Amino acid sequence: MGISRHLASALLFLGTVLSASAQVPQSVTIEGGVQETGVKSVRIDTRSFSPQIAVYDRSMKEREPENPIRFDRRKGGSLNSMPVGGLTSANRVAKDSLFPGMGATGWLPADCDMAVGPTHIVQVVNSSIAFFQKNGTKDFEQVSTTFFAGTGATSFQFDPKVIYDRIKNRFVVIFLEQSDSPQLSKILFAVSDDNNPNGSWYLYRLEAKDGTFWLDYPGFGYNKDAYVICGNMFGFAGGFNGVRFLVVPATPVQTGSAVTVSYVADTSGGSAQVAEMISPTEDKIYAMSDWNTSTFRGYALQNLTTTPTLTFANFTVPTFAYPSGDAASTNSRTLDSLDGRLFSIMWRNGKLVTSHNVSVSSRVASRWYEINTNGYPTSAMTVAQSGNIATAEHMHMPAIATNGAGDIALAFTRSSSAIAADVMSAARVSTDAAGTLGTPVLIENSTGNNYSYNRWGDYFGVDVDPTDDSLFWANAMNIISPNNWSTSIFSFRATTVPLLTSAVVSPAFVRGGSSVKLVGTISYAALSNMPVAIGVSGPGAGLVSVAPSATILTGKTSITLPVTTSRVARPTPVTFTITVGAVSKTVTLTLRP
């Protein structure tokens, strides 16, 4: 989020931006050798917080961060014939878990992000942090000012982001901190000591101010060597100074050792995002931003453990239009569509995926890209494929990720004058035709329909489970009654085959000798007959009768099987296991005397 009083200077700067569809790479090193040396950590143990879950008091006066800077539509750009795909009628989303994330905290917007580890999920919003087990149980929640209290941080903390570092097996969190008087700009940086967020963290308070400029709207990524944070640099008294990158070496912060931070900048850039680079061998970190309606700017940060360098060049993307207005919602409300900036980036196997808001047929739509990095800066980046999520409704605020199979998935908002705000997802499998994405799938409706604010986003988060490299996790905003925001956390897979999503026995407690129903449900209608296997185990296995196999018929989403039972002398459990393809679900029936 930016401060609106800087709008005029930002527009002046962006009005002078040169159009360039291709450019010789430019390189810069750390700013005159500028570094912050010997930054010490503060160690905390989250298990010592009491209470463990301290939800923000929503009766307090709401604190609304200033509106984000709306960058003027980049000057230049040209029509080109590069292909842009669209949506297919195929369902590629197999829904898995869904549970509530953090609710409204008194801040606008939510700025919700999340990262998934082996056993836990860490979520951040404006301006709190929470830990969840994967079954939805919340272990921990605190406001950021409590979490970072030992660092000496002041009270205005915002724009949080979180990643799970698959290489070092740590959660890493950032919040921004800013004050006009006294003038300060900091990055609050926290790294867990292992893959379980419950326990020790090392906290750092890093310098982000550059003279009279402060850092806003962060990008955040990593590789095997370093964490990189970037942001837009706004003047405390006006003006704009491009995008600045901070390089934080990974090794010392794993143990809470003192760290030296290096700084490098592109004073002509803006609103860059930094990639998560999960390769254990890649020594570069890529970043990217939009430049104009047919051009992106690609960045490579190198020499991360010595003297970091930044190389950047522009490259051509399929022509798009920036959003011309905000997305419609119910009761004549609108939801902020921002300005077409990129929201997130993930890199694996030589490709980046990213996404942003565009305009299609006068509605806000989502555009996604898969980009070949081609060993940049050795060779120029090129677009592998891209596509639009464009329908009769507004589709906006897309977050994106790619899994180990090369499947791509997004989470985003659907809204219109008849839809307040739906949580949506869409995906493609790697074998789908280039540029195509499966039909958007509803994850959750909003329960409220009168969101009296405009602020929305400013970003969502999608991640891939490190223990199951095909499973996507995401978080997104929704509207709760009467007119506030909440968040949801959910998981899903990209697949061409419906997956078993649940097994239910009804009733779950019954007198022996009665009949019950065993129901298995799949993620969407079967494309052809699907065999179902039914197993019975437990102390009461010999006291029930159910078919050992059955079939979910073409076009159906579930199967119901009758179960007969025998009388029992004491309460006796029976476990049923339903298997469809490679997925099994279990459910327990208790027989009573």
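Located above this text is the structure these notes cover.
Bear in mind the structure is a predicted one, so any value in this text is a computation, not a measurement.

So, how was this worked out
- Residues numbered from 1 in each chain as written.
- Predicted model: local features only at pLDDT ≥ 70, side-chain atom pairs only at ≥ 80, totals over all residues.
- Heavy atoms only, no water.
- Helix = DSSP H or I, 4+ residues; strand = E, 2+ residues; numbered from the N terminus.
- Rg over C-alpha atoms; globule rule 2.2 N^0.38 Å.
- Contact = heavy atoms within 4.5 Å.
- Areas by Shrake-Rupley, 256 points an atom, 1.4 Å probe, with all protein chains shown as cover.
- Buried < 20%, exposed > 50% of the residue type's maximum accessible area, 1.4 Å probe, protein only.
- Pairing = 2+ DSSP bridges.
- 1 Å grid on protein atoms, 1.4 Å probe; cavity = no way out; pocket = protein on both sides within 12 Å on 5 of 7 lines; lining within 4 Å.
- Points joined across faces, edges and corners; volume = space filled by probe spheres on them.
- Nonpolar A, V, L, I, M, F, W, Y, C, P; charged D, E, K, R; others polar.
- Core = buried A, V, L, I, M, F, W, Y, C linked by side-chain atoms within 4.5 Å.
- Disulfide = S-S within 2.5 Å.
- Phe/Tyr/Trp six-rings, centres within 6.5 Å; stacked < 30°, edge-to-face > 60°.
- Lys NZ or Arg CZ within 6 Å of the ring centre and 35° of its normal.
- Axes fitted to C-alpha atoms, helices over the stretch in contact; angles between N-to-C directions.
- Salt bridge = Lys/Arg side-chain N within 4 Å of Asp/Glu carboxyl O.

1. Some remarks on the overall build of the chain
- A tally of helices and strands in the chain yields 3 helices and 43 strands.
- Computed over the C-alpha atoms, the radius of gyration of the chain is 25 Å, within 12% of the 25 Å expected from 2.2 N^0.38 for a compact globule of 593 residues.
- Taken along its principal axes, the extent of the C-alpha atoms in the chain is 85 × 55 × 50 Å.
- Contacts in the chain between residues far apart in sequence, at least 24 positions, make up 64% of those at least 6 positions apart.
- Counting every atom, the chain has about 20,600 Å² of accessible surface; 50% of that belongs to carbon and sulfur.

2. Quick word on the pairing of strand S34 (residues 484-494)
- Extensive coverage of S34 is indicated by the burial of 10 of its 11 residues.
- Where strand S4 (residues 93-103) lies against S34, 7 bridges are found, and the strand directions are antiparallel. Within S34, the residue paired with Pro100 across the bridge is Ser488.
- Relative to S34, strand S33 (residues 471-480) is paired through 10 bridges, and the arrangement is antiparallel. Its bridge partner lying in S34, Ala474 is registered against Phe490.

3. Observations concerning the environment of Pro280
- Along the chain, Pro280 falls in the loop between strand S18 (276-277) and strand S19 (285-292).
- Among the residues examined, Pro280 registers a relative accessible area of 60% and is labelled exposed.
- When sequence neighbours within four positions are dropped, the list of residues in contact with Pro280 reads Ile167 and Lys224.

4. Thoughts on empty space enclosed by the protein
- In the structure shown here, the tally under the stated rule is 3 cavities of 30 Å³ or more.
- Along the walls of the largest cavity sit 23 residues, with Asp113, Phe220, Glu276, Ser344 and Ile345 positioned nearest its centre.
- Of all the secondary-structure elements, those providing two or more residues to the lining of the largest cavity are strand S5 (113-116), strand S9 (157-165), strand S13 (213-222), strand S17 (273-274), strand S24 (342-348), strand S28 (394-402) and strand S32 (461-464).
- Taken together, the residues that form the lining of the largest cavity break down as 15 nonpolar, 4 polar and 4 charged.

5. Things to note about the nonpolar core
- Membership of the largest hydrophobic core comes to 95 residues, with the highest contact counts inside it found for Ile187, Phe189, Tyr227, Val248 and Trp456.
- Formed by 38 residues, the second largest nonpolar core is a distinct cluster that contains Leu310, Phe312, Val317 and Val358.

6. Considerations on the state of the cysteines
- Tallying each qualifying case throughout the model produces 0 disulfides.
- Cysteine Cys112 shares no disulfide, and the gap to the nearest cysteine sulfur, in Cys230, comes to 19 Å.
- Note on Cys230: relative accessible area 0%, which makes it buried.

7. Re the packing of aromatic side chains
- Within this structure, the stated rule accounts for 29 aromatic pairs.
- Here Phe99 and Phe132 contribute two aromatic rings whose centre-to-centre distance is 5.8 Å and whose plane-to-plane angle is 40 degrees, an arrangement assigned as tilted. One end of the pair, Phe99, is in strand S4; the other, Phe132, is in strand S7 (residues 128-133), and 33 residues separate them in sequence. Here the two residues Phe99 and Phe132 agree in accessibility, since each one is buried.
- Where Phe131 meets Trp201, the ring centres are 5.9 Å apart and the plane angle is 10 degrees; that geometry is what we call stacked. Here the residue Phe131 occupies a position in strand S7, and Trp201 occupies one in strand S12 (residues 200-207), the gap between them amounting to 70 residues.
- Judged by relative accessible area, Phe131 falls into the buried class, the value being 0%.
- On the basis of relative accessible area, Trp201 is assigned to the buried category, the value being 0%.
- Among the aromatic residues, those joined into a cluster by ring pairs are Phe49, Phe131, Phe140, Phe147, Phe148, Phe175 and Trp201.
- Lying over the aromatic face of Tyr459, Lys161 brings its terminal NZ or CZ to 4.7 Å of the ring centre.
- Seen from the ring of Tyr217, Arg341 lies directly overhead, with NZ or CZ sitting 4.3 Å from the centre.

8. Details of the environment of Gly76
- Within the secondary structure, Gly76 is located in the loop between strand S3 (42-45) and S4.
- As a C-alpha pair, Gly76 and Asn292 span 216 residues in sequence and 6.3 Å in three-dimensional space.

9. What about the sheet that holds S4?
- The antiparallel open sheet is built from 4 strands, whose spatial order is S4-S34-S33-S32. Only two strands of the sheet have a single neighbouring strand rather than two, namely S4 and S32. Neighbouring strand axes in the sheet, compared pairwise and without regard to direction, differ in orientation by 25 degrees on average.

10. Brief notes about the sheet that holds strand S40 (residues 549-552)
- The mixed open sheet is built from 5 strands, whose spatial order is S36-S43-S42-S38-S40. The open sheet terminates on both sides in strands that have one partner only, identified here as strand S36 (509-511) and S40. Adjacent strand axes in the sheet meet at a mean angle of 30 degrees, parallel and antiparallel pairs treated alike.
- Pairing geometry for strand S42 (residues 572-580) and strand S43 (residues 583-592), over 9 bridges, is antiparallel. Bridge pairing in S43 links Thr577 to Thr586.

11. Structural notes on the environment of Ser41
- Within the secondary structure layout, Ser41 lies in the loop between strand S2 (35-39) and S3.
- Classification of Ser41 by relative accessible area gives partly exposed; the value is 24%.
- Spatially, the C-alpha atoms of Ser41 and Leu203 are 5.2 Å apart, while their sequence positions differ by 162 residues.
- Those residues within four positions of Ser41 in sequence are excluded, and the remaining contacts are Tyr202, Leu203, Tyr204 and Gly256.

12. A short note on the pattern of salt bridges
- Applying the stated criterion to the full structure yields 17 salt bridges.
- Note that Asp225 is salt-bridged to Lys224, the shortest N-O span being 3.1 Å.
- Taking the relative accessible area as the measure of exposure, Asp225 reaches 17% and is therefore buried.
- The partner of Asp468 in a salt bridge is Arg493, and the shortest N-O contact between them spans 2.7 Å. One end of the pair, Asp468, is in the loop between S32 and S33; the other, Arg493, is in strand S34, with 25 residues separating them in the sequence.
- The class for Asp468 is partly exposed, based on a relative accessible area of 24%.

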